[in-house]
Structures are given as structure tokens and as C-alpha cells.
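Structure at a glance
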Amino acid sequence: MASQVRYGARTGASQPAPASVDIWATAVTAVWETDPDVIAAVLPPPLEPSDEPLTRLTISIVDIPGMPTFGAGWFGVRARHGDVEGEYPLFMPMTSEQSVIGGREAYGEPKKMADIWVRRDGDTIEAGIARMGYTVCEIHGSVTETREPYEKTKRDFWFKIAAGAEVRSQPDQDALLVYGEKTEAARVHEGIDGEVKLPEAPLDPIADLAIRRLVDLNWTERTSTQVGRVVATVPAATITPWLHQRYDDLTALGANT
């Protein structure tokens, strides 16, 4: 009888195997220069600003065979850890519970539930993210350029840490600095002539990283894989001033918490 209890313990081969399927996404990506001092302000030690004050916003719809499609977003800045270059995400909105839980619990990705849309009608593109009654960002434009497909490797920096059980603003444990090692390949890569709007959104204030110069705006159909690698332990006291980045401060809406 115990072997039929699905909440019972699983060991060895009974653990679910990682999915091995082709996962493709249609994505709109914007890269822009912002103020270097703003990037420095959002980076927890031991991360430091990269030489280029670049910010990246990606809005995508992901297709996994056998599952409903879901929306995924990424917003972060260029950074470095020692001599290692990468990107640090501030905001990773998702439209499904499974996509939030997996990345947040395993890697420490700052994922949150949100509404996400990516639409294409001919060469006309629109995409956006909304949360808690606010539009966080919008992209509008037209495809004007065909580019070469590509394959590249990239790296994200994540902090695996959670709010404290007794005092939410004080973590119970030190943080793990995790490298997200990624490989990305695009079968479709096109340039977009358009604009990026960053309205005021008090819970997700990406507008603080203002667009000083739009570097690139593109449309892709792409697939990617990633693995996490723990590289360092960061004292809880060091990361605490930035812990709020991954949680909603409802006082910004005038709510009592």
C-alpha cells in the first residue's frame, strides 16, 4: 500500500527525470544603455558593474511539447564577478506556476507571476508585461531587417536565498552565488525598428533604469539550455540590503503589510 502513496518518499530511479524535449520560444529583446551609477546601485556584492552600462529586456512566449505555452520575461543588467562577465536579473516574470517555482527554488531566479504578451501580425510586433494592475513595459515596432541565425553561450548571476522565517527582511542563511551557464541558438533572427516604453510600475520599477540609448531591438525564434553551478557563498548580511528586489513591497501601493 505504501508504494501507492504518491506523496510518499521517492529515491533513486523513482525520482522524476529531467525533460529532454525541444523547447522553442518566440522573443522580443531590447538592449539599451542606462546610467552607470544606477547599475552600480542595483548590484549586490560581490557583483560589480561591467565596462558597458547595458540593460536587457526580453519578452517571450515559450512552447514546450505536451504543455500549454507560457509567457516568460527577463530584465537585468550587465555585470561581472571578478573577471567573469555575465548578466544579473532584477525581474523575471512568468505566466505559469511551474515556470516560477522551478527556477526560483532551484537556482534563486527572481521570478514572479505576471501577464505577458508577444504578438506578431506580418511585420508588426507588440509585446509587454503587466503585474498587479500596472503595465511594466511595452515594445512596439516593425521588422525591418533579416539577420543571420546564431548560437552563443552566456551567463547569468543568481543569488539563491530567501526571506527569513522569523524576520522576513533578515535571511536565515547565507546566500549561494550561482552561475547560470546557458547556450542559446536562434533559427530566426530579425531586426526591429520600434520603441520601448517603461511606464511607472511601483512594484516593478524597471523604469528607474532609463533608456539613454537604444542599442538593439530584435525578434527571434530560439531555443536554449541552461545548468546551474554554485560558485561561492555570500554572507546573509551582505545580501540583505538587496533582498527586497525579489519580493513585492505592497507599501508602495499604500497597503499595510
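Residues numbered from 1 in each chain as written. Predicted model: local features only at pLDDT ≥ 70, side-chain atom pairs only at ≥ 80, totals over all residues. Heavy atoms only, no water.

1. Concerning the environment of Lys-112
Put simply, the rule is: Starting at the N terminus, helices and strands are each numbered in turn, a helix being any DSSP run of H or I of at least four residues and a strand any DSSP run of E of at least two. Residues count as neighbours in contact if any of their non-hydrogen atoms are within 4.5 Å of one another. Each polar contact in these results corresponds to two N or O atoms within 3.5 Å; when the atoms are within protein, one needs to be able to donate a hydrogen and the other to accept it, and residues that are neighboring in sequence are counted only if both atoms are side-chain atoms.
Inspection of the secondary structure assignment puts Lys-112 in strand S6 (residues 111-113). Once residues within four sequence positions are removed from consideration, Lys-112 is found in contact with Phe-91, Met-92, Pro-93, Met-94, Val-100, Arg-131, Leu-203, Asp-204, Gln-245, Arg-246, Tyr-247 and Asp-248. There is a polar contact of 3.0 Å between the side chain of Lys-112 and the side chain of Asp-248.

2. Remarks on the nonpolar core
Spelled out, the test is: In this text, buried Ala, Val, Leu, Ile, Met, Phe, Trp, Tyr and Cys residues form a nonpolar core when linked through side-chain atoms within 4.5 Å. Burial here depends on accessible area, computed with a 1.4 Å probe over protein chains only, as a share of the maximum for the residue type. Under 20% is buried, over 50% is exposed, and the range in between is partly exposed.
If you look at the biggest cluster of nonpolar residues, it comprises 42 residues, and the most contacted ones within it are Val-28, Leu-57, Ile-59 and Ile-129. It is strand S11 (residues 175-197) that provides the largest number of residues to this core, a total of five residues. Ignoring sequence-local partners within four residues, the contact set of Leu-57 consists of Val-28, Thr-29, Ala-30, Trp-32, Trp-74, Phe-75, Ile-129, Cys-137, Ile-139 and Val-196.

3. Examining the pattern of salt bridges
In plain terms, the rule: By salt bridge we mean one thing: a side-chain nitrogen of Lys or Arg within 4 Å of a carboxyl oxygen of Asp or Glu.
Within the structure shown, the criterion is met by 22 salt bridges. For the salt bridge of Arg-80 with Glu-48, the shortest nitrogen-to-oxygen distance reads 3.0 Å. Of the two residues, Arg-80 sits in strand S4 (residues 70-81) while Glu-48 sits in strand S2 (residues 48-49), which places them 32 residues apart along the sequence. With its nearest N and O atoms 2.8 Å apart, the salt bridge here joins Glu-181 to Arg-229. Of this pair, Glu-181 sits in strand S11 while Arg-229 sits in strand S12 (residues 213-234), and the two are 48 residues apart along the sequence. The structure contains a network of salt bridges with shared partners spanning Lys-112, Arg-131, Asp-204 and Asp-248.

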